[in-house]
Each structure stands twice: as structure tokens, then as C-alpha cells.
Amino acid sequence: MFAKRLLTSLIACAVVAAPAYAQELTGTLKKIKDTNTISLGHRESSIPFSYYDDKQQVVGYSHEIMLKVVDAIKQELKLPNLQIKLIPVTSQNRIPLVQNGTVDIECGSTTNNTERQKQVAFSNTIFIIGTRLLTRKDSGIKDFPDLAGKTVVTTAGTTSERLIRKMNEEKQMKMNIISAKDHGESFLTLETGRAVAFMMDDALLYGEIAKARKPGDWQVVGTPQSREAYGCMMRKDDPQFKKIVDATIAKLQTSGEINALYNKWFMSPVPPKGLNLNFPMSDDMKALHNNPNDKAYE
Amino acid sequence: MNYNWNWGIFLAQVPTGETTYLGWLLSGLQMTVMLSLSAWVLALALGSIVGVLRTVPVKWLAGFAAAYVELFRNIPLLVQLFIWYFVLPEILPGGTAFKQINPVAQQFLASMVCLAFFTSARVAEQVRAGINSLPRGQKNAGLALGFTLPQTYRHVMVPMAFRIIVPPLTSEFLNIFKNSAVCSTIGLLELAAQGRQLVDYTAQAYESFIAVTVLYLLINMVVMAVMRQVEKRTRVPGYIGAK
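It should be emphasised that the depicted structure is a prediction, and the values quoted were computed from it without experimental measurement.

1. A closer look at the overall build of chain B
Turning to step 1, where the next piece is worked out: In terms of helices and strands, chain B carries ten helices and zero strands.
Turning to step 2, where the next piece is worked out: Mapped from its N terminus to its C terminus, chain B presents α and β elements in the order α-α-α-α-α-α-α-α-α-α.
Turning to step 3, where the next piece is worked out: Oriented by its inertia axes, the alpha-carbon framework of chain B measures out at about 70 × 50 × 30 Å.
Turning to step 4, where the next piece is worked out: Within chain B, the fraction of its 243 residues that count as buried is 37%.
Turning to step 5, where the next piece is worked out: Once local pairs closer than 6 in sequence are excluded, the contacts in chain B between residues at least 24 apart make up 75%.

2. Let's talk about the nonpolar core
All names here are of chain A.
Turning to step 1, where the next piece is worked out: With 127 residues, the main nonpolar core has Ile 105, Val 152, Ala 197, Phe 198 and Met 234 as its most contacted residues.
Turning to step 2, where the next piece is worked out: Of the residues that make up this core, three or more belong to each of domain 1 (26-129 + 228-290) and domain 2 (131-226).
Turning to step 3, where the next piece is worked out: Not counting the four nearest positions on each side in its chain, Met 234 is found in contact with Thr 28, Val 98, Ile 105, Val 120, Ala 121, Ser 123, Phe 241, Lys 242 and Val 245.

3. Some details on the confidence of the model for chain A
Caution applies to low-pLDDT regions: their predicted coordinates should not be interpreted in detail.
Residue and element names in this part refer to chain A.
Turning to step 1, where the next piece is worked out: Here chain A averages 90 in pLDDT, while 93% of its residues score no lower than 70.
Turning to step 2, where the next piece is worked out: Here helix α1 (residues 2-22) stands out as the least confident element of chain A, with mean pLDDT 52; strand β6 (residues 105-106) is the most confident, with 97.
Turning to step 3, where the next piece is worked out: Here residues 15-22 is modelled with pLDDT under 50, and outside its nearest four sequence neighbours on either side it reaches zero contacts, counting other chains as well.

4. Notes on the packing of helix α1 (residues 21-55) of chain B against helix α9 (residues 191-202) of chain B
Residues and elements named next belong to chain B.
Turning to step 1, where the next piece is worked out: It is at 7 Å that the axes of α1 and α9 come closest, and there the two elements cross at 160 degrees. Between α1 and α9, the crossing angle belongs to the class labelled roughly antiparallel. The element α1 and its partner α9 pack so that their crossing is right-handed. Note on element contacts: α9 touches α1 through Leu 191, Ala 193, Gln 194, Gly 195, Gln 197, Leu 198 and Thr 202, opposite Tyr 21, Trp 24, Leu 25, Ser 27, Gly 28, Leu 29 and Thr 32.
Turning to step 2, where the next piece is worked out: When its residues are assigned to classes, the contact of α1 with α9 shows seven nonpolar, seven polar and no charged.

5. Structural notes on the sheet that holds strand β2 (residues 45-46) of chain A
Turning to step 1, where the next piece is worked out: Strand order across the open sheet formed by three strands is β2-β3-β4 (chain A), with antiparallel pairing between neighbours. Strands at the two margins of the open sheet, each flanked by one partner only, are β2 and β4 (58-59) of chain A.

6. Thoughts on the interface of chain B and chain A
Turning to step 1, where the next piece is worked out: Listed per partner, the contact involves 22 residues of chain B and 28 residues of chain A.
Turning to step 2, where the next piece is worked out: The set of elements that each furnish at least two residues to the side of chain B that touches chain A consists of α3 (77-91) and α9 of chain B.
Turning to step 3, where the next piece is worked out: Among the elements that make up the side of chain B that touches chain A, the one with the highest residue count is α9 of chain B (five residues).
Turning to step 4, where the next piece is worked out: The residue makeup of the side of chain B that touches chain A, split by class, is nine nonpolar, eight polar and five charged.

7. Overview of the domain arrangement of chain A
All names here are of chain A.
Turning to step 1, where the next piece is worked out: In terms of domain boundaries, chain A breaks down into domain 1 (26-129 + 228-290) and domain 2 (131-226).
Turning to step 2, where the next piece is worked out: The C-alpha centroid of domain 2 is placed 26 Å from the C-alpha centroid of domain 1.
Turning to step 3, where the next piece is worked out: Taken together, the 17 residues of domain 1 in the interface contact 19 residues of domain 2.
Turning to step 4, where the next piece is worked out: Counting residues per element, the ones that place at least two in the side of domain 1 that touches domain 2 are β2 and β7 (120-136).
Turning to step 5, where the next piece is worked out: Residues belonging to the side of domain 1 that touches domain 2 are distributed by class as follows: eight nonpolar, seven polar and two charged.

The rules we used
Residues numbered from 1 in each chain as written. Chains lettered and ligands numbered in written order. Predicted model: local features only at pLDDT ≥ 70, side-chain atom pairs only at ≥ 80, totals over all residues. Helix = DSSP H or I, 4+ residues; strand = E, 2+ residues; numbered from the N terminus. Buried ≥ 20, exposed ≤ 12 C-beta atoms within 10 Å, placed from the backbone. Contact = placed C-beta atoms within 7 Å. Core = buried A, V, L, I, M, F, W, Y, C linked by C-beta atoms within 7 Å. Domains from an automatic or database assignment. pLDDT = per-residue confidence, 0-100. Axes fitted to C-alpha atoms, helices over the stretch in contact; angles between N-to-C directions. Parallel < 35°, antiparallel > 145°, perpendicular 65-115°, else oblique. Left-handed = near helix turned anticlockwise from the far one by under 90°. Nonpolar A, V, L, I, M, F, W, Y, C, P; charged D, E, K, R; others polar. Pairing = 2+ DSSP bridges.

Have a look at this one:
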């Protein structure tokens, strides 16, 4: 009787435990295990998410989250000497680079939306932003309607570009819209007086102020035109990899560890200039941390 | 690879609804052609003058032309473009006024001038090579007939040189179309930029880059066909490449 029960429980154990040990590695995890290398995609000037500091090292809020994911993968695959390959990506090339395998995961400032979900997968949300305007304090621009007939700059390939073009068409605002190559160039266009306002994700706009020569000259204004969820981008149909990434992010958020990280990047001085973004955590973000999810807003 | 092909995307409406994605590509094509042709006309005019100056027996003129060629040939095109678009309006008088005109006009003008100067340096080298390849007797014969030096250039040497350098000029003409893609970096919505924009809006990277590639090929095949006719008609009997 005892022997029989022991046998049953042993079988039960084996059945339950089997997936954990015997599961074949597939997709990205298999590639990482086979090559002992993980390729991380990062941004070059998305302050404070992922960017180069004054020593040309990649730093940032999203980047630290990505490194936590790498730690979790090291543990899971028992690869203490996992090699990390850092690959800079832009708004335009990040999706193809993830798809063709150059980059395994990209945590920067990439919005999770349904159109992109047709091509790539997104992890649990790591940040929620609103799209607003950066303008000179004395420009007289207070909100989006003030832009009628003026020149506005935005970064090519972003959701802001799409929103502002749509607004221009629908409301007949007769704005001139410049699409610059990256956030740095957008800000240059604004700073040199070619445009009166720069439309972008609010967190990135605060980042641009932190980089500016005279941070006191600039302010972020306007009603947010959209909310967007940033996620880490991975290849589609790779549940094993997504599971480990999602679990790492969820643990960071529910354990409260994320608060320290948030304070470090949004409420304290950050490189390269030691400026404080002073961007308090929104209610959306607090709700997200209580309930981690990978939902897209649009 | 994990990719959803969708060739129908070109006929889909863009989000703002005024045209289709194909319409975007075609407007980009139009911009590329307009930009490259206008820059080419300027480059050919400037390049011819500078190329002739490089061969004249007046030291300071030849020196000036050599400096011009080295300046525009040795600085990367992208850097030149950023200087024309971002730097010069900040330091030249009238820059502030320039920045107030329509942004597309600003981008177009900066791109056109940049491509024209860059290409003119290369055209100048071709023209110089053409003139130097003429037998010295031609110049002497012109002078002996009582032509002044400018007249010898105008009626004897330059027409001959141009007929010899048609094939290398064709290359430069093709290059200017390809180089114009650099202008997408300052936000000019030419063919490459529209292709890039299509990727941003639809995430269909491969269809859009393939379409852009085909359109560039088409442009250059037309250019080559035209230039082949020009070459046939202007060939000098008895010279390189002539039957």
C-alpha cells in the first residue's frame, strides 16, 4: 500500500517536474544557449531610457531593466559567463533588426501597438507616457490648438509623427511638419528656431531639457494626445523567451524594486549633465506596477 | 524568418486618408527626380567652369579651382549637407530669414545646393581629364588660327573634351540620383524617406524597401538609355569608344 502510494506520488512528481527539466529549449533561448551570447538592442539618445552617458557607456531606465532580464536568463540557462553584445538601434531599424535576429531583445523607448504586434512581440509594459509638446518658455505656445499655421518638429518613425499629421489633416491646422532623423536632431531643429514646438513622448521631452544648453529656457506643455505603453521588443511566437522576460519585469514591479529604479532615473540627477528630470510617477504607472501586463493602448 | 508578407499594402489608404501608400512613394519619386535634375544642371554648369579653370595657364585661377575641387570632393556628402542645412544659416547673415521660409523649401534648397557643389567637384575632374586628354596640337592649332585663348577653349577644346567624357559623366549623373537619398536625413521627403516612412507606418519593411529599390533602378535605367543616345550622337570618330 505504502509502496504503491509512493510510486503514485513519484509519478505525479515526475509529471509535474518534467516540463521544468526536460523542456526542449526553442527560439531565442536556444540561440542564446548555443552561442553563449545575447544581443541587446539599445538606443543612443533616448534619455533617460537608453542612451550613451558622457563616458560612451549605455545607461538608462530601460537598459537597467534589460540587464535584469539578462541576469534572469543567466540563471535560468546556467550561463554565468554569458557574453553580452550591445547593438545600437534607431526608430527606423529596430523592428527589422529584431526580426532578422541581429538583436534578441530591445528595451528602449519602443511603443507597443497592434500594428507592430503583427511583426514582433512585446514584453510586459515598462513605462507609460503621454505625447506632448516641448517649447521655449516665451514662445506663447500653451496647447496643441496654438500650433495652427506654425512649424512643428517631430522625430520620424514615431507615434507622435502619425498623430500630428492626422491632427493637421483632420482639423485643417495648416501646420508645417518637419520629421527629423532622431530626437537629438528634432531638438536641434527646435533650438535653432526652425520650429516652435517639438512633439514627442513627455518623458523623452524632459530628457531633452536635461541635455539642453540652457535647461531653464524650455518647458513641456499641452494636453497629452495619446497614452503609450513602452515594452521590450522580441521576436514573435517565442513563448519561452517572452515568459522569462515578462516574469522578470513583473517581479521588479510587484516587489517594489522598480520604485528605486524610477527614482534613480526620473527623480534624481542623471548623466550626462547631472540634471534632475523631476518627472513624478503617474497614476497610470502606479496602476501598472500593481498589475503588470503587456496591453497596448492602441 | 518570422515575417508577414503583404504586397497589398501599397494600395491601402495612409492614416491621414489623402492618398495611398503608393501615392507616398510616387510623391517621393517625384521629389527625388526634381531634386536630382535641378542639382545636376547646376553641377554641370559649375563643374564645367571649374574644370576649365583647372587647366588654364594662369596660376592663381588654376590654384583656386584645385582648392575648390579638393574642398568639395574630400568632405563626406552627409557632413556637407549638415553644414549647408544646420551650420551655415546660423553664421551667415540672412540665415534667420532663410529659417522662416517654408521648411520643405529650406530642405530642398539646402539639398540641391549641397548635391550640386559635391557633384560639381567630380564633374570638374572629368572635364579637366577630357581637356588634358586632347593632343596638344589642338590648342596650338586654335591659337595659330588667330583664336584668343578663351576662343580656343570655347570653340575647340571644350566641345571636344565634352564629347570624350560623356561615359564618365553618365556615371556622375547616375550618382547624383543615388546620392540624393542622403537628403532624407534632414527630413526631405524624397524616395528613400518615403520608403522609410512606409516602414514606420506599416511595419512592412521588406515590401517597401523592395519597391524603393525597383524605383531607383527604373530612374537609373531611364538615365542610362538617354545617355546612351547622347553618347551615340556625340561620339568623335577615331577616338576612344567610337566605332
